[in-house]
Amino acid sequence: MEKFLIFFVLFCIISNGLCEDQKSSEAPWRMHTLFSVECGDYFDWQTVGLVHSFKKSKQPGKLTRLLSCTDEEKKTYKGMDLAPTFEVPSMSSHPKTGDWYPAINKPAGVLHWLEHSEDAKNVDWVVILDADQIIRGPIIPWELGAEKGKPVAELYGYLIGCDNILAKLHTKHPELCDKVGGLLAMHIDDIKALAPFWLSKTEEVRDDRAHWPTNYTGDVYGSGWISEMYGYSFGAAEVGLRHKIHTDLMIYPGYVPLPGVEPILFHYGLPFSVGNWSFTKFEHHQDAIVHDCNRLFPEPPYPREIVSLESDANKRRGLFLSIECMNTINEALVLHHASRGCSKPNSSKYLSFLESKAFAFLSRPRYLTHGKAQNAKPVVQQNTFDKPAKPLPKIHTVFSTECTTYFDWQTVGFMHSFRLSGQPGNITRLLSCTDEDLKKYVGHDLAPTHYVPSMSKHPLTGDWYPAINKPAAVLHWLNHANIDAEYIVILDTDMLLRGPVTPWEFNAARGHPVSTPYDYLIGCHNELAKLHTSHPEACEKVGGVIIMHIDDLRKFALLWVHKTEEVRADKAHYSKVFTGDTYEGGWISEMYGYSFAAAELNLRHVINKEIMIYPGYAPQPNVKYRVFHYGLKFSVGSWSFDKAKWRDVDMVNQCWAKFPEPPNPSTLDSTNVDILSRDQLSIECGRTLNEALRLHHIKRNCLYPAMKAPPTNLEIIKEVTFSRKIDERHDAVRDDTSEKGQESTLPVVTGLNPIFSSFTFRMAVLWALLVLGFLMIISMVLSGRKGEETKSKGSHHKNKE
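In short, a report on the structure.

How each quantity is defined
- Residues numbered from 1 in each chain as written.
- Predicted model: local features only at pLDDT ≥ 70, side-chain atom pairs only at ≥ 80, totals over all residues.
- Heavy atoms only, no water.
- Pairing = 2+ DSSP bridges.
- Helix = DSSP H or I, 4+ residues; strand = E, 2+ residues; numbered from the N terminus.
- Axes fitted to C-alpha atoms, helices over the stretch in contact; angles between N-to-C directions.
- Contact = heavy atoms within 4.5 Å.
- Buried < 20%, exposed > 50% of the residue type's maximum accessible area, 1.4 Å probe, protein only.

1. Section: the sheet that holds strand S9 (residues 250-251)
Logical step 1: What the three strands build is an open sheet, ordered S5-S10-S9; its pairing is mixed. The open sheet has two edge strands with one neighbour each: strand S5 (133-135) and S9.
Logical step 2: Direction of pairing for S5 relative to strand S10 (residues 265-267): antiparallel, over a ladder of three bridges. Note on S10: the bridge partner recorded for Ile134 is Phe266.

2. Some thoughts on the sheet that holds strand S4 (residues 125-129)
Logical step 1: With mixed pairing, seven strands are arranged side by side in an open sheet as S3-S2-S1-S4-S7-S6-S8. Since the sheet does not close on itself, it has two edges, and those belong to strand S3 (85-89) and strand S8 (244-246), each with one partner. Each strand axis lies, on average, 25° off the axis of its neighbour in the sheet, ignoring direction.
Logical step 2: Contacting strand S1 (31-38), strand S2 (62-69) and S4, helix H2 (residues 41-56) runs over the sheet at an angle of about 165° to S1.
Logical step 3: Its contacts with the sheet place helix H4 (residues 105-116) against S1, S2, S3 and S4, and it is angled at close to 110° to S3.

3. Some words on the pairing of S4
Logical step 1: Here S4 lies mainly inside the structure; five of its five residues are buried.
Logical step 2: Residues Trp125, Val127 and Leu129 of S4 are buried on one face, and the alternating residues Val126 and Ile128, pointing to the opposite face, are buried as well.
Logical step 3: Bridge analysis of S1 against S4 gives five bridges, and the strand direction is parallel. Pairing of Leu34 across the sheet is with Ile128, part of S4.
Logical step 4: Note that S4 and strand S7 (residues 180-187) share four bridges and pair antiparallel. The partner of Val126 across the bridge, within S7, is Met186.

What follows is the structure, given as structure tokens:
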């Protein structure tokens, strides 16, 4: 009896504890997660990935797919059972205007769900996601700080329309416009108030074609595609919602996470790569991978391989996040195919990894480790480097170009590198064009753009000097743009970012800009400086990369223009002995204009030689260069690249145009470590430019030419950039994955060359007939043997009887 009582007490304690644990894991309010899709293979594989991650992450509440399909599409649609689904009418083709804009289905679907779903009547909080996302851990609104009237969202800094005339045109409360998206978590009463405005404002912005250009919207394509995002921001402003904006809940695979931050959501809307492997969702637009048994996306590198790719711990963590995203999608496909009755796939190393306890541990549910939302605008990024409580200054990156295809391909490369580098803040292209140039210019959508009058031909002297457009454009931008950044990063178009260039890392301060050494500017130490500045002792030989406080730049910019004009007019001192210019043509007058203007204001630079490197130069050991400046010719063996040779070639508007492919790194001689490191950097630069062009042509919906077969798997893998390998190490040689091994994991390239050789066709048919005949013979032989064995067994039994 005593033992029974002890057992009973223990049972009560344990059971009570279990009940308490269960109770604590239950959400105190009812919540529902929504995502919007259309009928088609493209959204089906994304749905499978998101639904799997929803279950794996232990996201509370229900999940509903808002499925927008036309009646015609539903007749052939095969993915109705992929997720808990609420069907909504398709508005891809607007019922009134006929405008083709599928993105409007998101607000239209949410509104229809609110009006017609029973679930909407029994919920307190709603989380709205995109289909191309993977949940890593519970997204719980009240735990993230959401309140009624104050939704939680992720920062979408590129929505510059919140700060310009676009907001003033489309909302009565432009001051309330928040640049948010990606993840939305709000109270049901807020979404009910917002949804009608979200839809109507989307229609309104979509109809405002006059303000589609990049300089109004920030949309690099200038096509009105992000109208739905503005519809949300303007609708929220209209009903007075103020967001608690996070910068660390979500991460794009390929980006470097903030130190100490554990994102709880992947958004794989942009291309990303790890070493020689890459993934772009756009390449799988017509991919029926969900319905093709046992087919997966190309497997990324294994975790142990990441260690040799990147020595920096935080950047290495970024690579781990990229492969986790891809592996989770593939894991979802494996489970989906099994649930559909597909035959068990052949065993492989990769499948074993996806089913292993190691991967289960690596992809276990994550919980946000850092991220306090900011209630007031503007949102500031939190300093997680040394003093988490102190906000980091906002920065803005600018670069100057002209209206030519020469600068357009450089812009494509620059913007591609900017997206991959982890550079914080907004970016603006300062585009100097004449009125005549603008009439025929077609590259408006290549970057967020501020248009400035061209000074290539000086309005007073008639001097032809395009380089003056750089300081003139900066001055015009300062006087005409709404700038809320504290530091400005000024770069050249012929640069590629390999990592972030920030004032806090390189110790910029008011009165102390950061720059890189331009040692050939000998005019700082001779008669030239004495002639053109009252403080020649303060003249510093700098240029290339500039990080300057906005207050210094406002004082400095006009003087930069004036000093450039002054040096350019001083033809008596164009000589190499004064300027160091080997061409003696006054071309580097703008560089002296910068140094002399800075000296005049006694701006003393923090000169850092470890920010930038010219491809073709040998790197210093263990230096993490952040910028390539490919302004000079460089080569690796018989391959070379000289930007000047591509001045008159339209690389941007000619589909699939690319530069000569640099050598494979595996062919490099590793005898001399300095030469090897130099050549690796040169190859990285060349590959990055080609990858930027390739992605640009994909986004432009380029079709493969009729007379040219689509690129082979091998050609595609050769085009993939190293991207974002900031730390080129001297003590190790990166091993390239063999081309043979890569080919087996690449996606199948669909579509055949319409000019298909009749000889090739006949050979294929002949081989098929031979194989078929061989199989028939084997079948007959085996059938004959089986008959003989049966006959033999029958005779044996007969003899026994």
